[in-house]
Structure formats: structure tokens, C-alpha cells
Amino acid sequence: MLKGELNEDRLPNGKIFRDKLPNSEVLSIGDGIKTVHRPPTTETAIKVALTALIEYMNNDDTPSIYKALVTHFFFENTHPFLDGNGRMGRYLLSSYIANKFDRFTGFSVATAIHNNVQQYYKVFKDADSAENRADLTFFIQKLLMILVSQQEKVIKILSQSREKLDKANEIISQWVNEHHHQLAATSDSLYCNVLYLLAQSKLFTNQLDLGIKDNDIIETLKKSNRRYPMTKTKAAIEELEALGAIEIVSKRPKQHVITIL
């Protein structure tokens, strides 16, 4: 996963994981100012910790969301590599939640932690304190609050996006209806679908060159329930361009943007 991302001196110095470090160096977890945790110092100790973690992951007595957060804590606590542990830990958490729940929840994990990084480090430090006696109740509660907060933001964004799409769909339907007599195809649905795909691209793509290309539109509609033939979709795009509903922004690869929104 991290091939090419790590410097040579930060690659594992053991058989699989990190081992004792040269010059009596001690690995620590923190935010650059404060040390949060000092993980196992040898590869043998790391293997023991991760073996116990795998056994825990394979036990279904704990609800999935709790198990995901506990697993994340213990992986970060073990810190088996010299670099990339944070990325790997967030990936494991995200992929586990995505698999057990849904992809959108999984995708939001890294953003949630990034937006609350100070709280994250604090709750991690509190959980790792000797006085805490390995009780992860508060850690789980706090992480759940962070994840739920991010989910609420995602729901709000998706609701706003749904409103934008509904409004765009109204404008598209109205435009196609008004120009029905100028369109060659007997069905207006092809033009609506082409414009709807371009509307999504315009509303939800930050960079023009990342927008949907003509070939993508043709392929998408070819695989849709209506199975629009490639030639008809190409012709529809040309008609829409001629009528000013869309304009070309790139010839190689061919790409249009919608202009009626």
C-alpha cells in the first residue's frame, strides 16, 4: 500500500515489522510536541501484540463498531512500522467499517479524525494512561461522537446535493420540453439523461478536466436500462451543442459542459 511513499531509512528493519532501532532510538507516538505513547520496542513483542489483536478481531462477541474502534486503538498502540502507521491504521478502520456498514461511512473516517485531530490525540493519550487500566470505554465513546458528527455533516451535504440535483433536473426537463420540436430523436429521455450526467459533473466536480467525458456519457447510457446506442448518444450530444445547451471544452478527449444551469 505504501510502496514508494516511505523513505528507505523508514522501511521495516525486521523481517516483517520494525525491530530494535539503532543508536538507542526510541519510537514514540505523538503530535510533534507531546508524546502520547511508547509502543513495543522489538519485532517479537509486536508479533505477540498483533497475534492477540487478530484473535480479538475474529471473536464475534463484541459489536462490530466497537470492535473496529478497539482494533484501531491497539494497532496504533502497537505501531508495528517505522512510518505509515497512521495511514495504515485509518485504512484498516475505514475498510472494516465500510465492509460492515457502508462505503460512505467508511470513507468519512479519515476526514472525521483529521477534523478532530487534537481530540483524537487527547483521547488516545487518556486511554493509554496507566491510571486508566486499559479501559477503552471513554475512547470508544469519544470516537463514536467524532464519527457521528462527521456522518451528520455528510448527511447535510448529501441533502443539499440532492436539492441541487432535483433543481437541475427540473431545469433540464423544462428546457428539453421547450425545445422538443427542435430535437431529432422521438424520445426526450436521451437528451435528459445526457444533460443530467453533465449536470452532476458540473455540480460535483471541482476541476474542469476531472469532469465527465463524452465517452463516459456514451458508455454509461449504453449500459443503462434503456441501453441507448452509441450513435444515438453521439448525435444527441451534437444536437445539444448546436442548440447551446452544452459547449465543448476539450477535443482530446472530447468533453462538454452544461450551460443551461
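Residues numbered from 1 in each chain as written. Predicted model: local features only at pLDDT ≥ 70, side-chain atom pairs only at ≥ 80, totals over all residues. Heavy atoms only, no water.

Focus: the packing of helix 7 (residues 189-204) against helix 9 (residues 230-242)
Worth spelling out the cut-off: Think of each axis as a best-fit line through the C-alpha atoms, taken over the contacting stretch in the case of a helix, with angles from 0 to 180 degrees between the N-to-C directions. Counting from the N terminus, the helices are DSSP H or I runs at least four residues long and the strands are E runs at least two residues long. Angular relationships are summarised with four words: roughly parallel below 35 degrees, roughly antiparallel beyond 145, roughly perpendicular across 65 to 115, and oblique for the angles in between. Residues count as neighbours in contact if any of their non-hydrogen atoms are within 4.5 Å of one another. Each residue gets one of three labels, nonpolar for Ala, Val, Leu, Ile, Met, Phe, Trp, Tyr, Cys and Pro, charged for Asp, Glu, Lys and Arg, and polar for the others, Gly among them.
Two elements in contact, helix 7 and helix 9, have axes whose closest approach is 10 Å; the angle formed by their N-to-C orientations is 75°. Between helix 7 and helix 9, the angle is such that the two are roughly perpendicular. Here Leu190, Tyr191, Val194 and Leu195 of helix 7 come into contact with helix 9, specifically with Lys232, Thr233, Ala236, Ile237, Glu239 and Leu240. Looking at side-chain class alone, the contact of helix 7 with helix 9 contains seven nonpolar, one polar and two charged residues.

Re the nonpolar core
Worth spelling out the cut-off: In plain words, nonpolar cores are sets of buried Ala, Val, Leu, Ile, Met, Phe, Trp, Tyr and Cys residues tied together by side-chain atoms within 4.5 Å. Per-residue accessibility, obtained with a 1.4 Å probe over protein chains only, is compared with the maximum for each type, and a residue is labelled buried under 20%, exposed over 50%, and partly exposed between these values.
Ranked by internal contacts, the top residues of the largest apolar core, which has 25 residues, are Ile172, Val176, Val194, Leu195, Ile217, Leu240 and Ile258. Every element with two or more residues in this core is listed here: helix 6 (137-178), helix 7, helix 8 (214-222) and helix 9. Per-element accounting of this core gives the leading share, eight residues, to helix 7. Other than its neighbours up to four places away in sequence, Ile217 contacts Val194, Leu197, Leu198, Ile212, Thr233 and Ile237. Phe73, Ile113, Phe124 and Leu143 belong to the second largest nonpolar core, which has 20 residues in total.

Remarks on unusual backbone geometry
The general pattern is negative phi for most residues beyond glycine and trans for most peptide bonds. Here the residue pair Arg252 and Pro253 is connected by a cis peptide bond, since its omega of -10° sits within 30 degrees of zero. Among the secondary structure elements, Pro253 is positioned in the loop between strand 3 (246-251) and strand 4 (254-258). One non-glycine residue, Arg133, lies in the positive phi region at around 55°. Among the structural elements, Arg133 can be located in the loop between helix 5 (117-128) and helix 6. At Arg227, a residue that is not glycine, the phi angle is positive and equals roughly 50°. Along the chain, the position of Arg227 falls in the loop between helix 8 and helix 9.

Examining helix 5
Rules: The span you would expect from a helix comes to 1.5 Å times its residue count less one. By arc we mean the arc of the directions from the helix axis to the C-beta atoms, nothing more.
With 12 residues, helix 5 should reach 16 Å at 1.5 Å per residue; the first-to-last C-alpha distance of 16 Å fits that figure. Along helix 5, the residues that are buried comprise Tyr120, Val123, Phe124 and Ala127. Summarising the axial view, the buried residues of helix 5 lie within an arc of 105°, below the 170-degree limit, and thus occupy one face. Within helix 5, the exposed residues directed more than 90 degrees away from the buried face are Gln118 and Lys122.

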